[in-house]
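Fold and geometry: a report
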Amino acid sequence: MAAILDASQVTMDFGGLRAVNNADVHIDQGEIVALIGPNGAGKTTFFNVITGVYKPTTGDVRITAPGKETESITGLKPNKITEKGLARTFQNIRLFQNMTVLENVMIGRHCRMKAGIAGAVFRDRKTREEEEQVVADSYAILKKIGLETFVNELAKNLPYGAQRRLEIARAMATEPFLLLLDEPAAGMNPHETRELDEMILKIRATEKISILLIEHDMSLVMSISDRIYVMDYGLLIAEGQPKEVRANPAVIKAYLGEEFNA
Amino acid sequence: MVTLKQIRNSVLIALWMMILTFPIMVIKVNTIENIVIWRWMNLLYIGVGTVILSIFWFFLINRRKLEPEERKRSFALKGKIETLKGVLAKPVVQKPLYAALLVIIIIFPFVSSLYQTGIMITALMYVILGLGLNIVVGLGGLLHLGYAAFYAVGAYTYALLHRYLGLSFWVCLPIGALSAMLLGILVGLPVLRLRGDYLAIVTLAFGEIVRILLENLSQYTGGPAGISGIPRPSFFGIKMSLSTAMNYTYFLTFALVLFTIFVVRRLEHSRLGRSWVAMREDEVASEAMGIDITRAKLSSFALGALWAGLAGVFFSAKTTFVNPASFTLWESVIILCVVVLGGIGSIKGVVLGAIVIILLPEYLRAFSQYRMLFFGLILVMMMIFRPGGFIPAKRRVYTFDKAQLEESD
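Owing to the predicted nature of the structure, the values given are computational and were not obtained by experimental measurement.

1. Observations concerning the side chain of Ser286 of chain B
Looking at where Ser286 of chain B falls in the secondary structure, it is placed in helix α13 (residues 283–288). Note on Ser286 of chain B: relative accessible area 0%, which makes it buried. A polar atom in the side chain of Ser286 of chain B sits 2.9 Å from the backbone oxygen of Glu283 of chain B. Leaving out residues up to four positions away in the same chain, Ser286 of chain B has contacts with Phe96 of chain A together with Ala278, Met279, Ile291 and Ile293 of chain B.

As structure tokens, this is what we get:
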């Protein structure tokens, strides 16, 4: 079976700076894969290339949605890529602050809806039914993530941990087969991180969604990942299972610097 | 309530004010007898007046910092206003209230003068313009400073089509709206890559281009002299006296206002409306959530322009005369004021905003030369004490009944 995501030889240049250098990443169905590395290693840039925010300088990103043909998504616009089934969250929370929690999730449903201008004005039966369905679906998603008590609250009034979870709920509303989480545990306390850990595993188990995550919290990465990629200065320096990566001298060097032997 | 430091500051402000106004308020040259009159009393009035005003100012500022509950206690009157608000929100009260409002609106042209009716029509047209711009600025978050250009397109479409082809008001109404919308799309395509300030500048320039074009294509548009003799809206060809025609226009405009509110409300609570608000909140995130930003921007731009086109056709029909001077940057700014003052993204707010902005200067005529000063002062005060506008926008609240809750388990 083909990998659901296959990024081959992706390079991203910003002027003279090579942010991502010849990266090969693949994710198989049902995997949780982590992308780690020191600050400024190019992890988020790599995310942005996959989700269409940037067009890679060279290289190709192909996806194989379950039950569909393999296709290239290189250079597509972000909204198209989301339609194809890749959804993401952001490193610094980017919720729709002045919309309610439910509306945030409803926006996620946007690309699975059809109503246009005429439907909005005439509000025919189809549009009404679609609208009701979206409200019900969104509520169900909130319930799954455990945010149903905040339904009509403005997103900006939510506690920090809940905002992070709302981002995940919003991404899940787009019905992805691959969820890309950019530092989901950033700023969370150990208790919240543990909850997140359980939630990610639950999402994979119940929704059949594969996950690629960027994370600095090593306890989270080591406990849930099936495989880990390590990036440093735009280059992938290691790949493998958590225990392999942990013992890899190149990784230790990237994180801790070289050992000085007198 | 007011600290000692603030009182000291008020005195300093008063001193500064006295120095500032000294040349114009104190010195007066009598050119006939060639003597200088020193009006020292004026200086005293300004000093005392400024101290009182600024202490009052500080008092208001201090009150703003209090918690809402403390505020209620600090002002007995405020408590009463709050309960009044609560009473107004009740459906039992609201229905008769709206009915009464409707009755007033219907009776209004029959009991008021022609002049008053004319002003009211203008106010209603600004309601339409405000609601249209609200789609672009309030929902879409695109700062648009050339909105009057679309207004002009609607007005000139009717004027020109009548002049050259003899088309009637009712034929021109949809044509005017569609041509404004089309222009909205054409301008939107290249311009909408820009954001924020850049978009504002380009739309401003576009507004000026349209006005200058109208001024200089004199062989078609009559140049600065404009086009006159545009007929008022017809009613199956029946001849009407001036006052009947005015009343008829009034009711047509009112009907269009109701129609606008109906459509804009539906748009706001639709898939499209939500995508506009999401775009306003965060463009990058909304794109990542599967919203086609180009489509969302273009549709908000085009649908905003549509209402300006409609209002434009009404404008030329009401005044029976158009010239480019009616579509200056000032016009765009006033419409933007309507939206911001009323409450960005709030339909009720925009309606109230339009009525206040148009009627206030009219009824401030009693203060003749100071009226624009008062008008400006009210705008500044509003933005300090009610930055959300008269009636700030509220997000829709969804209720879930028991059955639904169980179903989703």
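2. So, the pairing of strand β4 (residues 58–64) of chain A
Residue and element names in this part refer to chain A. Summarising the sheet, strand β1 (residues 5–14) and β4 pair through five bridges and their orientation is antiparallel. Note on β4: the bridge partner recorded for Asp6 is Arg62. Both β4 and strand β5 (residues 70–72) contribute to a ladder of three bridges, which runs antiparallel. Its bridge partner lying in β5, Ile63 is registered against Glu71. Hairpin geometry of β4 and β5 is characterised by an intervening segment of five residues between the two adjacent antiparallel strands and by a positive phi of about 80 degrees at Gly67.

3. What to know about the domain arrangement of chain A
Interfaces are frequently sized by the accessible area removed from exposure as the parts join. Residues and elements named next belong to chain A. Once the domains are mapped, chain A shows domain 1 (1–85 + 176–262) and domain 2 (97–173). Taking the mean C-alpha position of each, domain 1 and domain 2 sit 27 Å from one another. Counting residues at the interface gives 18 residues for domain 1, matched by 11 residues for domain 2. A per-residue breakdown of the area domain 1 buries against domain 2 is headed by Glu83, Met199 and Glu207, which together make up 31% of the total. If you look at where domain 1 meets domain 2, you find one salt bridge. Across the pair Glu207 and Lys144 runs a salt bridge whose closest N-O atoms are separated by 3.3 Å. Summed over the shared surface of domain 1 and domain 2, the result is five residue pairs in polar contact (both at pLDDT 80 or more). The element best represented in the side of domain 1 that touches domain 2 is helix α7 (residues 190–207), accounting for six residues. Considering only residue class, the side of domain 1 that touches domain 2 consists of nine nonpolar, three polar and six charged.

4. Side note on the sheet that holds strand β9 (residues 227–232) of chain A
Neighbouring strands of a sheet are bound in pairs by backbone hydrogen bonds; such pairs are parallel or else antiparallel. All names here are of chain A. An order of β6-β7-β8-β3-β9-β10 is seen for the six strands of this open sheet, with the pairing classed as mixed. A strand with exactly one partner marks an edge of an open sheet, and here the two such strands are β6 (86–88) and β10 (235–240). Direction aside, the axes of adjacent strands within the sheet are offset by 20 degrees on average. Direction of pairing for strand β3 (residues 32–36) relative to β9: parallel, over a ladder of four bridges. The partner of Leu35 across the bridge, within β9, is Tyr229. Sheet contacts for helix α6 (residues 160–172): β6 and β7 (178–182); angle to β7, the most-contacted strand, approximately 155 degrees.

5. Considering the nonpolar core
In this structure, Leu267, Trp276 and Trp307 of chain B are the most contacted members of the largest nonpolar core, which totals 102 residues. Considering every element that reaches this core, the biggest residue donor is helix α6 (residues 114–139) of chain B, with 16 residues. Not counting residues up to four positions away in its chain, the partners in contact with Trp307 of chain B are Ile128, Gly132, Ile135, Tyr147, Phe259, Thr260, Val263 and Val264 of chain B. Counting 50 residues, the second largest nonpolar core, distinct from the first, contains Val101, Tyr139, Leu142 and Ala171 of chain A.

Procedures and definitions
Residues numbered from 1 in each chain as written. Chains lettered and ligands numbered in written order. Predicted model: local features only at pLDDT ≥ 70, side-chain atom pairs only at ≥ 80, totals over all residues. Heavy atoms only, no water. Helix = DSSP H or I, 4+ residues; strand = E, 2+ residues; numbered from the N terminus. Buried < 20%, exposed > 50% of the residue type's maximum accessible area, 1.4 Å probe, protein only. Polar contact = N/O pair within 3.5 Å; in protein donor to acceptor, adjacent residues only side chain to side chain. Contact = heavy atoms within 4.5 Å. Pairing = 2+ DSSP bridges. Domains from an automatic or database assignment. Buried area = accessible area lost by both parts, 1.4 Å probe. Salt bridge = Lys/Arg side-chain N within 4 Å of Asp/Glu carboxyl O. Nonpolar A, V, L, I, M, F, W, Y, C, P; charged D, E, K, R; others polar. Axes fitted to C-alpha atoms, helices over the stretch in contact; angles between N-to-C directions. Core = buried A, V, L, I, M, F, W, Y, C linked by side-chain atoms within 4.5 Å.

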